[in-house]
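# Chains, contacts and geometry: an overview
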Amino acid sequence: MQLRHSERKKAKIKLALQGSAGSGKTYSSLLLAQGLTNGDFSKVAIIDSENGSADLYSHLGQYNVLTLAPPFTPENYIKAIDVCVNAGMEVIILDSISHCWDYLLDYHSNLAGNSFTNWGKITPMHKAFTDKMMQADVHIIATMRTKQDYVLNQKDGKYIPEKVGLKAVQRDGLDYEFTVVFDVDIKHFAVSSKDRTGMFMGKPEFIINTFTGKKILEWCNSGTNLQEAREKIKSTKTVEELRKLYNQYNSWQKELEYDFKLQKETISVKETLLNPIKSSINGSTYP
């Protein structure tokens, strides 16, 4: 066992879009994929379980479609993902994964025996599918249908169902697995209900477009190996080069603070020896 500094390496986004029918989940997913591939739709595949809805937007470009027919088992979704990965796809859209959960609910209800203990048979099946999405070395965009959610509140001695908003047709807690979750309303406006990138949470509602995908791609590619960053710092020859790196590794400034200071001092000493008249370096914006 060995301790190490935390670091975020280059990542593949795992993103979910949840919304009601007609909210534009499929279209928004394709725009995100277009941005994630810099416009190369040949690297995009959509696994369609929505009765051919994927083909409605073929005017956007020549993306790939894999039609998934019933039964919508976790195994069939896993096989479909493998087909796309083996074909060299960079972005896989799962439209939608709610059908998989519907299948598992039906499967559970038809099992004989104790309903509670039978979940022990369902959970491994669902986990295998979830693990496949999260561990695949590609960008994953999953859509989920939403439905009206209710709670029972006691009133005048009776329990009355009351609406509490929309809920994804999916196992509780699945949204925690994704890096980003967008909630899309019927007017196609999106807000983030889960965001590990820090780019969307708490921001005003917006309409998803290709630029959104490009923004996410930049975040995915901004991850770096900490040792690689330190080697780049050591190789700088001027303060200007160091300043550019400092701005580039903005999210790593705390971890790399000592390295930047040490290299700045090293450059200062070298420049002083080469030019005794210039004894200091001014105008720097970093430690």
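Look a little higher up for the structure.
Now for a description of the structure that goes with this document. (Residues numbered from 1 in each chain as written. Predicted model: local features only at pLDDT ≥ 70, side-chain atom pairs only at ≥ 80, totals over all residues. Heavy atoms only, no water.)

### Thoughts on the overall build of the protein chain
Applicable threshold: In DSSP terms, a helix is any run of H or I states spanning at least four residues, a strand is any run of E spanning at least two, and both are numbered starting from the N terminus. Buried, partly exposed and exposed residues are distinguished by accessible area as a fraction of the type maximum, computed with a 1.4 Å probe on protein chains only: under 20%, between the cut-offs, and over 50%, respectively. For this analysis, residues touch if any pair of their heavy atoms sits within 4.5 Å. Note on areas: Shrake-Rupley with a 1.4 Å probe; residue coverage comes only from the protein chains shown.
Each helix and strand counted, the protein chain has 8 helices and 9 strands in total. Counting over 287 residues, the protein chain shows a buried share of 41%. Counting contacts in the protein chain only where the partners sit at least 6 residues apart, residues at least 24 apart contribute 60% of the total. Total accessible area on the protein chain stands at roughly 16,300 Å², and carbon and sulfur atoms take up 52% of it.

### Side note on the packing of helix 3 (residues 98-109) against helix 4 (residues 115-135)
So the rule is basically this: Whenever a helix is involved, its axis is fitted only over the stretch in contact; in every case the axis is a line through C-alpha atoms, and angles between N-to-C directions fall within 0 to 180 degrees. Each angle gets one of four labels, with under 35 degrees taken as roughly parallel, over 145 as roughly antiparallel, 65 to 115 as roughly perpendicular, and the rest as oblique. Take the far helix as your reference; a near helix turned counterclockwise from it by less than a right angle gives a left-handed crossing, and one turned clockwise gives a right-handed crossing. Throughout this entry, Asp, Glu, Lys and Arg are counted as charged residues, while Ala, Val, Leu, Ile, Met, Phe, Trp, Tyr, Cys and Pro are counted as nonpolar. The remaining residues, Gly among them, count as polar.
Relative to each other, helix 3 and helix 4 sit at 155 degrees, their axes nearing to 10 Å. Here helix 4 runs roughly antiparallel to helix 3, going by the angle between their axes. Here the hand of the crossing between helix 3 and helix 4 comes out right-handed. Residues Cys-100, Trp-101, Tyr-103, Leu-104, Leu-105, Tyr-107 and His-108 of helix 3 pack against Ser-115, Asn-118, Trp-119, Ile-122, Met-125, His-126 and Phe-129 of helix 4. Considering only residue class, the contact of helix 3 with helix 4 consists of 10 nonpolar, 4 polar and no charged.

### Points about the pattern of salt bridges
Threshold: Salt bridges, as used here, are contacts in which a Lys or Arg side-chain nitrogen is within 4 Å of a carboxyl oxygen on Asp or Glu.
Per the stated rule, a full pass over the model turns up 6 salt bridges. Residues Arg-243 and Glu-240 are paired through a salt bridge, measuring 2.6 Å at the closest nitrogen-oxygen approach. Taken together, the residues span about one helical turn, with Arg-243 and Glu-240 both in helix 7 (residues 239-248) at a distance of 3 residues. The class for Arg-243 is buried, based on a relative accessible area of 17%. Note that Glu-257 is salt-bridged to Lys-261, the shortest N-O span being 3.5 Å. One end of the pair is Glu-257 and the other is Lys-261, both in helix 8 (residues 253-274) and 4 residues apart, which spans about a single turn.

### A closer look at the side chain of Ser-28
Of note, Ser-28 is situated in helix 1 (residues 25-36). Excluding residues that lie within four positions of it along the chain, Ser-28 makes contacts with Leu-17 and Ile-208.

### Considering unusual backbone geometry
In this structure, Pro-71 follows Pro-70 across a cis peptide bond, with omega equal to 0 degrees. In this model, Asp-95 is joined to Ser-96 through a cis peptide bond whose omega is 0 degrees. Relative to the helices and strands, Ser-96 resides in the loop between strand 4 (91-95) and helix 3. Positive phi values are uncommon outside glycine, yet Asn-51 reaches one of about 55 degrees. For Asn-51, a relative accessible area of 81% gives the class exposed. With phi around 75 degrees, His-188 is a residue other than glycine that occupies positive phi space. Here His-188 shows up in the loop between strand 7 (180-184) and strand 8 (189-195). Note on His-188: relative accessible area 37%, which makes it partly exposed.

### Describing the nonpolar core
Within soluble globular proteins, side chains that are nonpolar generally end up buried alongside one another. Operational definition: Throughout, nonpolar core names a set of buried Ala, Val, Leu, Ile, Met, Phe, Trp, Tyr and Cys residues whose side chains join them through atoms within 4.5 Å.
Ranked by size, the top nonpolar core spans 30 residues in total, and within it Ile-92, Leu-94, Ile-97, Phe-129, Met-133 and Phe-178 carry the most contacts. Only strand 2 (44-48), helix 2 (74-86), strand 4, helix 3, helix 4 and strand 5 (139-155) provide two or more residues apiece to this core. In this structure, Val-91, Ile-93, Val-184 and Ile-216 belong to the second largest nonpolar core, which totals 26 residues.

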